[in-house]
Each structure stands twice: as structure tokens, then as C-alpha cells.
Amino acid sequence: ELAHEAGVPRGVLQVLPGDGPSVGEPLGLHPDVDMVSFTGSTETGRRFLRYSADSNLKKVVLECGGKNPAIVMDDAEDLDLVAEHIVNAAFWNMGENCSANSRLIVHKSVKADLMKRIIARVRDWKTGEPLDPANHLGALIDKGHCKKVAGYLKTKTKPLVGGKIKGAYVEPTIYEVSAKDKLATEEIFGPVLSVITVASLDEAIAVANDTDYGLTASIFTANGKRAIRTARAIKAGTVTINCYGEGDISTPFGGYKQSGFGGRDNGIHAHDQYTELKTIWI
């Protein structure tokens, strides 16, 4: 009833991050709940599919995880601006963002120049008390999640920058890895950026698509045809060109593969997931 008063239709449940299995299970199994719209981890999203199967086959809309790529090609212009977008995409909100660009796929010919600019910018992103305006980044959401992120930093690979943890604070961290390294394949959901070097656009697209997820992606190039070709080829629900973002309220947002399915947020498509089609034949 409280949700209905807040504008959510009766029979529809919206589950947000932090609601967890303890809240989700009784609601997901309840026969009077006709639909669940869930935003959160892929693991918890799977639970709602099971709840639906074990109850009234309620509709389930999932907006889950991501391991989103940012491709920077050899003809990318204004590397200072590119570095600004990459750092913001990887680290804002401590990387606890489903659309964060956590994989940088960069052409070998611009890699050195771009990484100099990225590392210089990262050093300006101070981590600490979030109420202090001098800090860009605060603490991770809770101790349990901080422990998970810290586990990824226990690697023999030396970070290009960052890698330190103090309490619930994790420095923005960058690793150079292979495309198959777990740092480049698993969703960390923290301030960790994996850098992968490629030699061609085809290789960049192949690496970008070599993931279980398909939420967002970015491409940086001065060639318009190359940009559109890449955007079409990448298997992701939202692809930005020469910038980082999620679109706006008018553009549908959602992913492919294990990033979710069943509907889209924003745009007129968001309305469709809360409706049913009906045919009346006379």
C-alpha cells in the first residue's frame, strides 16, 4: 500500500539494491505480486527468476551487472578529454555503478600517451571522508562489499596506480591485464579499471564482446563510420560515442545477456514493461 501511494501500481513490486534476498524472497514468491522489477546483482536477479517459476509465473524485469568496455582507437582526438571521460566512467561513485566502464580497451599506438593522462587525473581523485569537498571518493557501501573488492586487489599484478585499502576506503586502482584475467572478466563493482591493449578495431570489438554482460559501452574515434560500425557491433544496450553516459530520460536503458532482460528503464519503452497486450476479436 505504501508503494502504491508512492505511485507504484498495485500488484507491481520494485526491488532496489540493498533489498536483498531476505526481503525479495517472500515478495518474489507471493501469489498476489504480478511483477517484479529488480535492479542489482546478476546473482540476486537469478533468484527472482526462480521465485517466479516457483510461484505464479510473475513477470520479472532484470537490470543487473555489467563489465562495460571503453574502446579508444588510434585516431581518437583530444586525449585529455578522453582521459577525463575514462576516469569519470571508471571511478565515480567509487565504481559502484552498473554502467561503469571498468574495461579500457586501447589501441597500442595511443596507449602510452593516454595512460599518462589517465594516471595524472586519477592522482587528483582523492579518497576519504565524503563530506570533505577536497575528496572525490568516499567509502564503499559496506564492510562486506569492501572485503569483496579487496579480494581482487590481492593479485601478483602490480597496479599502475592505487591498490591501497584503508578501512572501507579503496583507492582508485588501475591494472594492465590480459583480456582473460579475472580482473577483466568479473564484475568487481568497485574503483578498479582494467587496461587491455589491442592492435586493431576488429580485435577491440572481439574483446569488448567477450563477456557475459552487455549493459553499456563507449567508443572513442574521430571516424564517424568507424564509430557507427563499432556501436552496431558491440553487444550492449547503450553505446556512447566520444563520451561516457547513459543517455537521458528519453532513451531506453537496459542490457543484453546476463546484464538483464524483460524491459527497459527510461523512454516510452519503460511503459511497456508495466503493461500487458490484449487482443479483443469481434
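All of the points below concern the structure found in this document. From a predicted model like this one, the values you see are computed outputs, not experimental measurements.

Cut-offs used in this document
Residues numbered from 1 in each chain as written. Predicted model: local features only at pLDDT ≥ 70, side-chain atom pairs only at ≥ 80, totals over all residues. Heavy atoms only, no water. Helix = DSSP H or I, 4+ residues; strand = E, 2+ residues; numbered from the N terminus. Rg over C-alpha atoms; globule rule 2.2 N^0.38 Å. Buried < 20%, exposed > 50% of the residue type's maximum accessible area, 1.4 Å probe, protein only. Contact = heavy atoms within 4.5 Å. Lys, Arg positive; Asp, Glu negative; His and termini not counted. Charge placed at Lys NZ, Arg CZ, Asp CG, Glu CD. Core = buried A, V, L, I, M, F, W, Y, C linked by side-chain atoms within 4.5 Å. Expected span 1.5 Å × (residues − 1). Arc of directions from axis to C-beta. Salt bridge = Lys/Arg side-chain N within 4 Å of Asp/Glu carboxyl O. Pairing = 2+ DSSP bridges. Axes fitted to C-alpha atoms, helices over the stretch in contact; angles between N-to-C directions. Polar contact = N/O pair within 3.5 Å; in protein donor to acceptor, adjacent residues only side chain to side chain. Right-handed = clockwise from strand over helix to strand, strands pointing away.

1. Remarks on the overall build of the chain
Okay, step 1: Regarding its fold elements, the chain presents 10 helices and 13 strands.
Okay, step 2: Its C-alpha atoms give the chain a radius of gyration of 20 Å, near enough to 19 Å, the size a compact globule of 282 residues would have.
Okay, step 3: Principal-axis analysis of the C-alpha atoms gives the chain an extent of 65 × 50 × 35 Å.
Okay, step 4: Here the chain, with 282 residues, has 44% of them falling under the buried criterion.
Okay, step 5: Of the contacts formed within the chain by residues at least 6 apart in sequence, a portion of 62% connects residues at least 24 apart.
Okay, step 6: Within the chain, one finds 33 positive and 35 negative side-chain charges whose respective centroids are separated by 7 Å.

2. What to know about the nonpolar core
Okay, step 1: Core analysis: the largest hydrophobic core is formed by 52 residues, its most contacted members being Val-72, Ile-86, Leu-104, Leu-114, Ile-118 and Ile-174.
Okay, step 2: Beyond its immediate sequence surroundings of up to four residues, Leu-104 is in contact with Ala-70, Val-72, Ile-86, Leu-114, Met-115, Ile-118, Leu-193, Ser-194, Val-195 and Ile-196.
Okay, step 3: Listed in part, the 8 residues of the second largest apolar core include Val-33, Phe-38, Val-60 and Cys-64.

3. Remarks on helix α4 (residues 79-91)
Okay, step 1: Taking 1.5 Å of rise per residue, the 13 residues of α4 would be expected to cover 18 Å, and the 18 Å separating its terminal C-alpha atoms lies within 8% of that figure.
Okay, step 2: Considered for burial, the residues of α4 that qualify are Leu-79, Val-82, Ala-83, Ile-86, Val-87, Ala-89, Ala-90 and Phe-91. Seen end-on, α4 carries its buried residues on one side only, within an arc spanning 165°.
Okay, step 3: Among the structural elements, β4 (68-72), β5 (101-107), α5 (108-122), β8 (173-176), β9 (192-198) and β11 (216-220) are those in contact with the buried residues of α4.
Okay, step 4: Once α4 finishes, Asn-93 follows within two positions and takes phi at roughly 60°, a positive value.

4. Looking at the pattern of salt bridges
Okay, step 1: Counted by the stated rule, this structure contains 7 salt bridges.
Okay, step 2: With a shortest N-O distance of 3.9 Å, Glu-84 and Arg-121 are connected by a salt bridge. Of this pair, Glu-84 sits in helix α4 while Arg-121 sits in helix α5, and the two are 37 residues apart along the sequence.
Okay, step 3: Here Glu-84 falls in the partly exposed class, since its relative accessible area comes to 39%.
Okay, step 4: Judged by its relative accessible area of 31%, Arg-121 is partly exposed.
Okay, step 5: Close ionic contact of Lys-111 with Glu-176 constitutes a salt bridge, the shortest N to O distance being 2.1 Å. One end of the pair, Lys-111, is in helix α5; the other, Glu-176, is in strand β8, with 65 residues separating them in the sequence.
Okay, step 6: According to the relative accessible area criterion, Glu-176 is partly exposed, its value standing at 35%.
Okay, step 7: What emerges from the salt-bridge pattern is a single network uniting Asp-74, Asp-75 and Arg-226.

5. Description of the sheet that holds β9
Okay, step 1: Strand order in this open sheet of 6 strands is β8-β9-β5-β4-β11-β12, and the pairing throughout is parallel. What marks the edges here is a single partner per strand, and that holds for β8 and β12 (238-241). Ignoring strand direction, the axes of neighbouring strands in this sheet form an average angle of 20°.
Okay, step 2: Sheet strands touched by α5: β4, β5, β8 and β9. Its angle to β5, the strand with the most contacts, is close to 140°.
Okay, step 3: Of the strands in this sheet, β4, β11 and β12 touch helix α9 (residues 224-233), which is tilted by about 165° from β12.

6. Let's talk about helix α8 (residues 201-209)
Okay, step 1: Buried residues of α8: Leu-201, Ala-204, Ile-205, Val-207, Ala-208 and Asn-209, and no others.
Okay, step 2: Against the buried residues of α8 lie β4, β5, β9, α9 and β13 (256-257).
Okay, step 3: Where α8 begins, the side chain of Ser-200 points an oxygen toward the backbone nitrogen of Glu-203, at a separation of 3.1 Å.

7. Topic: the pairing of β11
Okay, step 1: In terms of burial, β11 is a largely internal element, 5 of the 5 residues being buried.
Okay, step 2: Both faces of β11 are covered, namely the face carrying Thr-216, Ser-218 and Phe-220 and the face carrying Ala-217 and Ile-219.
Okay, step 3: As paired elements, β11 and β12 share 4 bridges and run parallel to each other. Paired with Ile-219 across the bridge in β12 is Ile-241.
Okay, step 4: Note on the crossover from β11 through α9 to β12: the handedness is right-handed.

Any link to function would need more than the numbers given here.
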